[in-house]
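Coordinate inspection notes
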Amino acid sequence: MIHPSWKAALAGAAFSLSVPAAAQAADQGHIIIDSRLRFESVEQDGFPQGAEALTWRTRLGYETPAFDGFRALGEIENVAAIGERYNNSYDGKPYPVVPDPAGTEINRAQVSWAGSLGAGASGEVVVGRQRIILGDARFVGNSGFRQNEQTFDAVRASLKPLKDVTFTYAYVGRVHRVFGHDSPQGEWHGATHLMQADVKTPYGVLTGYGYLLEFDNAAAQSSATWGGRFAGAHPVGGGVSLTYEAEAARQTDWRNSPAPFALTYLDLSAGLKTKKASAFVAYERLGGNGVRGFGTPLATLHAFQGWADVFLTTPANGIRDVNGGGAYTFAPAGPLKSLKLTAVYHDFTADRGGAHLGHEIDAQLSAPLTPHLTADLIAARFDGGQPAFASRTKVWLSLELKY
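The written sequence of each chain sets the order in which its residues are numbered from 1. Selection of residues for local features in this predicted model requires a pLDDT of at least 70, selection of side-chain atom pairs for listing and counting requires 80 or more, and totals for whole chains, interfaces and linings are taken over all residues. To get the side-chain values, all heavy atoms of the structure are used, and hydrogens and water are removed first.

This paragraph deals with the nonpolar core. Take the buried Ala, Val, Leu, Ile, Met, Phe, Trp, Tyr and Cys residues and link them wherever side-chain atoms come within 4.5 Å; each set so joined is a nonpolar core. Partly exposed residues are those whose accessible area sits between 20% and 50% of the maximum for their type, while under 20% is buried and over 50% is exposed, using a 1.4 Å probe and protein chains only. One finds Ile132, Phe139, Phe152, Leu194 and Phe311 to be the most contacted residues of the largest nonpolar core, which totals 37 residues. Helix and strand assignments follow DSSP, with helices taken as H or I runs no shorter than four residues and strands as E runs no shorter than two, numbered in order from the N terminus. Elements represented by at least two residues in this core include exactly strand E7 (151-162), strand E8 (165-176), strand E9 (187-201), strand E10 (204-213), strand E13 (262-273) and strand E18 (373-384). The contact criterion used throughout is that any non-hydrogen atoms of two residues lie within 4.5 Å. Residue contacts for Phe139: discarding those within four places in its chain leaves Tyr209, Tyr211, Thr225, Glu247, Ala249, Tyr265, Phe294, Thr296, Leu298 and Ala299.

All right, on to the packing of aromatic side chains then. The description of an aromatic ring pair uses the distance of the two centres, along with the angle that the planes make with each other. Between 30 and 60 degrees the pair is tilted, below 30 it is stacked and above 60 it is edge-to-face, where a pair is any two Phe, Tyr or Trp rings, Trp via its six-membered ring, whose centres lie within 6.5 Å. Tallying each qualifying case throughout the model produces 14 aromatic pairs. Measuring from centroid to centroid gives 5.6 Å for Phe139 and Tyr265, while their planes differ by 75°, and the two rings are edge-to-face. Highlighted residues: Phe139 in the loop between strand E6 (121-130) and E7 and Tyr265 in strand E13, separated in sequence by 126 residues. With relative accessibility at 8%, the residue Phe139 sits in the buried group. Residue classification places Tyr265 among the buried residues on the basis of a relative accessible area of 3%. Note on Tyr265 and Phe294: the rings are 5.6 Å apart at their centroids and 35° apart in plane angle, and the pair reads as tilted. Here Phe294 lies in the loop between strand E14 (277-286) and strand E15 (319-330) and Tyr265 lies in strand E13, a separation of 29 residues in the sequence. Here the two residues Tyr265 and Phe294 agree in accessibility, since each one is buried. Aromatic ring contacts, followed pair by pair, group Phe139, Tyr209, Tyr211, Tyr265 and Phe294 into a single cluster. Over the aromatic face of Phe304 sits the side chain of Arg138, whose NZ or CZ is 4.5 Å from the ring centroid. Here, a charge over a ring is recorded when the distance from Lys NZ or Arg CZ to the ring centre is within 6 Å and its angle to the ring normal is within 35 degrees.

All right, on to the pattern of salt bridges then. Definition used for salt bridges: Asp or Glu carboxyl oxygen within 4 Å of a side-chain nitrogen of Lys or Arg. Applying the stated rule across the entire model yields 20 salt bridges. We note a salt bridge from Arg229 to Glu245, for which the minimum N-O separation is 3.1 Å. Pair noted here: Arg229 is in strand E11 (residues 223-237) and Glu245 is in strand E12 (residues 240-252), with a separation of 16 residues, a long-range link. The same class applies to Arg229 as to Glu245, namely buried. Salt bridges sharing common partners tie together Asp34, Arg57, Arg59, Glu77, Arg131 and Glu149.

By the convention used here, strands pair only if DSSP detects at least 2 bridges between them. When strand E2 (residues 30-44) meets strand E3 (residues 51-63), the two strands line up antiparallel, connected through 13 bridges. Counted as the bridge partner of Ile32 is Gly61 from E3. The pairing of E2 with strand E19 (residues 392-401) spans eight bridges and is antiparallel. Pairing of Val42 across the sheet is with Lys394, part of E19.

Following this line, the structure appears as structure tokens:
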């Protein structure tokens, strides 16, 4: 659990170049050039050699102008491994895992329609390989922190009967995961239904959802999750706003799940923010029954439970994550106009039995070098409380260009 604004940044972080917004606003087609150069190092207990990965992700595409509300979009993605001293998750190299395999694939290929339905209602339909991010990406997201984005072969429809009410439904036939198409776990296929309703109120957004996941080649990941969330912010005076978030869900076996189960999820957080600073405390609980933990296999997982990515799969006894952090933007001396420093601390325990699983500290320094170019230095240190969760240190250095 991290502050909502930071989750959004992690969910879609990219090094991007596109036509100016004014041209897009004029309903013209636009070229997509979206690329990121990144170095990642990993030192992990149990590996005599650390991993070093220098990768360069580039996406090239084009979206057509709108014709009676219809658009078409095609995008190719290439990940080049400039330095390959790492395990890409399936090649078996004797290094810690950095799940950024080299490869080229179609990232998106979609046709969409958006427009008025009359009586103040509007809608949108997207068909094809597409990016889907629901809510804060805790259950469904694009895993944008990894070089190979997670996309979905899906039919997705959104309906806005009123200005502040949105209903979303998506049928997903195939998931293209971050591990790439050459990995045995690179694609999951089946019949998944994603349903969500969002209502904006003066105090925040109220969300109800049902995610019915069924995978033919990953049956253990099949599940039905029903839940609700409320998140928002409210001014308290002096330029300070109170932020808050509460979410609860129940997950059970679904369709071809190999065994019955029933697990629960809870998330609570509160914080304060100003234009330059923010701070929060949070508690996130994913239940476990000793055989499996509450699963979020389609989530943007890196944004939750520590950037060291130790708990991408919830332990069988579940996990409780008590965490807190803050961010501050300041103006240093010299050519830099601003620097943003973010820090988050996590303490992890098992939900069933209460064993201490470890603690972690994460930090990020973001520096805009020009109006369009930003450098980021990110570090994560996890100290494991049990042999099953090895201690590790990860460092990332990247450049992002945005127009």
